[in-house]
Amino acid sequence: MEEVVKIHQLVEKLSLEVVYGDEESLNREITTGDISRPGLELTGYFNYYPHNRLQLFGSKEITFAERMIPEERLMVMRRLCEKDTPAFIISRGLEAPEEMVQAAKEKGLAVLRSPISTSRLLGEISSYLDGRLAVRSSIHGVLVDVYGLGVLIQGDSGIGKSETALELIKRGHRLIADDRVDVYQQDELTVIGEPPKILQHLIEIRGIGIIDVMNLFGASAVRGFMQVQLVVYLEAWEKDKKYDRLGSDDAMIEIANVDVPQIRIPVKTGRNVAIIIEVAAMNFRAKTMGYDATKAFEERLTRLIEENSGNV
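Residues numbered from 1 in each chain as written. Predicted model: local features only at pLDDT ≥ 70, side-chain atom pairs only at ≥ 80, totals over all residues. Heavy atoms only, no water.

- Identification of the protein as HPr kinase/phosphorylase from Candidatus Enterococcus dunnyi is taken from an unreviewed UniProt entry.
- According to the UniProt record, the Sequence similarities (unreviewed entry) comment for the protein is "Belongs to the HPrK/P family."
- Heading Cofactor (unreviewed entry) of the UniProt record for the protein holds this comment: "Mg(2+)". (UniProt positions renumbered as here; feature names shortened; annotations may be inferred.)

Next comes the structure, spelled out in structure tokens:
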């Protein structure tokens, strides 16, 4: 689980320009994904200053700062530099005030710059930090990208999850994680899955051992992360058990505080589970786009009953 992000990691990820920064300041830690735009602080109001956040300066903040006298500007910039303040970031490629750079040097902070707009930069920083700093948990299963849909394959040990995933990879789909999937909540409706670093690109096949999917099938056969959109649970076929034949069972499973649709597929000799999962993914995609084959069948059945009733 990621608990902190270093400033130099943010610089590398978002291609930020380092206006000022030494080794110590670029190794400062970011512990929250929240970002501050210090407008009120520039006026001298520091009662509720969120000093542990990245301080983002856009056109409004820079324009206001430029209208201050140099002594006042330096005093405010020094007050903005707390022990746990990660860095200053300037958007739109604007010039950093000399007093900002001076205060940053005195307090050991980095001053960074980006050419993109303030709102877009804020969104990119928030998205990156929220993903890196999110609380992660591990679940058992295999996560595969099937036609652009994140399918989590779960089931009892030895049911054939990894073998099914391997068949899907051979059919052109992509592996995200095998055996253990690290998941985190991106927002109220989205859960993201990714592999633990030690298991990245690897898959275990009983009788063969561990294979490197990227090495055998190429870079196009793997992905670094994926939204978990559908859970497929593989279970052993039981002769006397009744299974859903119409697809009307809208089961859900909670993963990282997000409800994800789940379908259960009985496994027995002769069933090509990989193809069934492909079709399940396509059918799920069709439902999200507004077409439900089960409802269409039920409507046809209702019309047929009504027609036959009218002929009696």
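Quick notes on the layout of surface pockets
Working step 1: Here the second largest pocket is characterised by a volume of approximately 700 Å³.
Working step 2: As for the second largest pocket, its lining consists of 22 residues, of which Gly131, Arg132, Arg136, Tyr184 and Glu194 are closest to the centre.
Working step 3: For the lining of the second largest pocket, the secondary-structure elements that each account for two or more residues are helix 1 (7-14), helix 7 (118-133), strand 12 (180-187) and strand 13 (190-194).
Working step 4: Looking at the lining of the second largest pocket, the element that brings in the most residues is helix 7, giving five residues.
Working step 5: Tallied by class, residues from the lining of the second largest pocket come to seven nonpolar, six polar and nine charged. (1 Å grid on protein atoms, 1.4 Å probe; cavity = no way out; pocket = protein on both sides within 12 Å on 5 of 7 lines; lining within 4 Å. Points joined across faces, edges and corners; volume = space filled by probe spheres on them. Helix = DSSP H or I, 4+ residues; strand = E, 2+ residues; numbered from the N terminus. Nonpolar A, V, L, I, M, F, W, Y, C, P; charged D, E, K, R; others polar.)

Topic: the nonpolar core
Working step 1: In this structure, Val151, Ile153, Ile203, Leu234 and Ile277 are the most contacted members of the largest nonpolar core, which totals 28 residues.
Working step 2: Secondary structure elements with two or more residues in this core: strand 9 (142-146), strand 10 (149-155), helix 8 (161-170), strand 14 (202-205), strand 17 (230-236), strand 19 (258-267) and helix 10 (273-288).
Working step 3: Once residues lying within four places of it in the same chain are set aside, the contact partners of Ile203 are Ser162, Ala165, Leu166, Ile169, Leu175, Asp178, Gly209, Ile210, Ile211 and Val213.
Working step 4: Among the nonpolar cores identified, the runner-up in size contains 22 residues, and Leu42, Ala65, Met68 and Leu74 belong to it. (Core = buried A, V, L, I, M, F, W, Y, C linked by side-chain atoms within 4.5 Å. Buried < 20%, exposed > 50% of the residue type's maximum accessible area, 1.4 Å probe, protein only. Contact = heavy atoms within 4.5 Å.)

What about the UniProt feature "active site" (unreviewed entry) in the protein?
Working step 1: The feature "active site" (unreviewed entry), as annotated in UniProt, sits at His140, Lys161, Asp179 and Arg245 in this numbering.
Working step 2: Note on placement: His140 falls in strand 8 (residues 137-140).
Working step 3: When near neighbours in sequence (up to four residues on either side) are disregarded, His140 contacts Gln154, Gly155, Lys161 and Asp179.
Working step 4: Inspection of the secondary structure puts Lys161 in helix 8.
Working step 5: Overall, the relative accessible area of 7% leaves Lys161 in the buried class.

Things to note about the UniProt feature "binding site: ATP" (unreviewed entry) in the protein
Working step 1: Residues given the UniProt feature "binding site: ATP" (unreviewed entry) here are Gly155, Asp156, Ser157, Gly158, Ile159, Gly160, Lys161 and Ser162.
Working step 2: For Ile159, the location among the structural elements is in the loop between strand 10 and helix 8.
Working step 3: For Ile159, the contacting residues outside a window of four places in its chain are Leu234, Glu235, Ala236 and Val267.
Working step 4: Residue Ser162 is classed as buried on the basis of its relative accessible area, which comes to 13%.

A closer look at the packing of aromatic side chains
Working step 1: A full pass over the atoms with the stated rule returns three aromatic pairs.
Working step 2: Measuring from centroid to centroid gives 6.4 Å for Tyr45 and Tyr48, while their planes differ by 40 degrees, and the two rings are tilted.
Working step 3: Overall, the relative accessible area of 36% leaves Tyr45 in the partly exposed class.
Working step 4: Taking NZ or CZ as reference, Lys268 lies 4.2 Å from the ring centre of Trp237, over its face. (Phe/Tyr/Trp six-rings, centres within 6.5 Å; stacked < 30°, edge-to-face > 60°. Lys NZ or Arg CZ within 6 Å of the ring centre and 35° of its normal.)

Here's the deal with the confidence of the model for the protein
Working step 1: The predicted model of the protein has a mean per-residue pLDDT of 91, with 96% of residues at 70 or higher.
Working step 2: Model confidence for the protein, summarised as mean pLDDT per element, is weakest for helix 11 (residues 293-311) at 78 and strongest for strand 6 (residues 87-90) at 98. (pLDDT = per-residue confidence, 0-100.)

Side note on the pairing of strand 13
Working step 1: Counting buried positions along strand 13 yields five of five residues, so the element is predominantly enclosed.
Working step 2: Alternating residues of strand 13 divide into Thr190, Ile192 and Glu194 and Val191 and Gly193, and every residue in both groups is buried.
Working step 3: Relative to strand 13, strand 12 runs antiparallel, the two sharing five bridges. Residue pairing across strands places Tyr184 opposite Ile192, the latter belonging to strand 13.
Working step 4: A loop of two residues connects strand 12 with strand 13, the two strands running antiparallel in sequence. (Pairing = 2+ DSSP bridges.)

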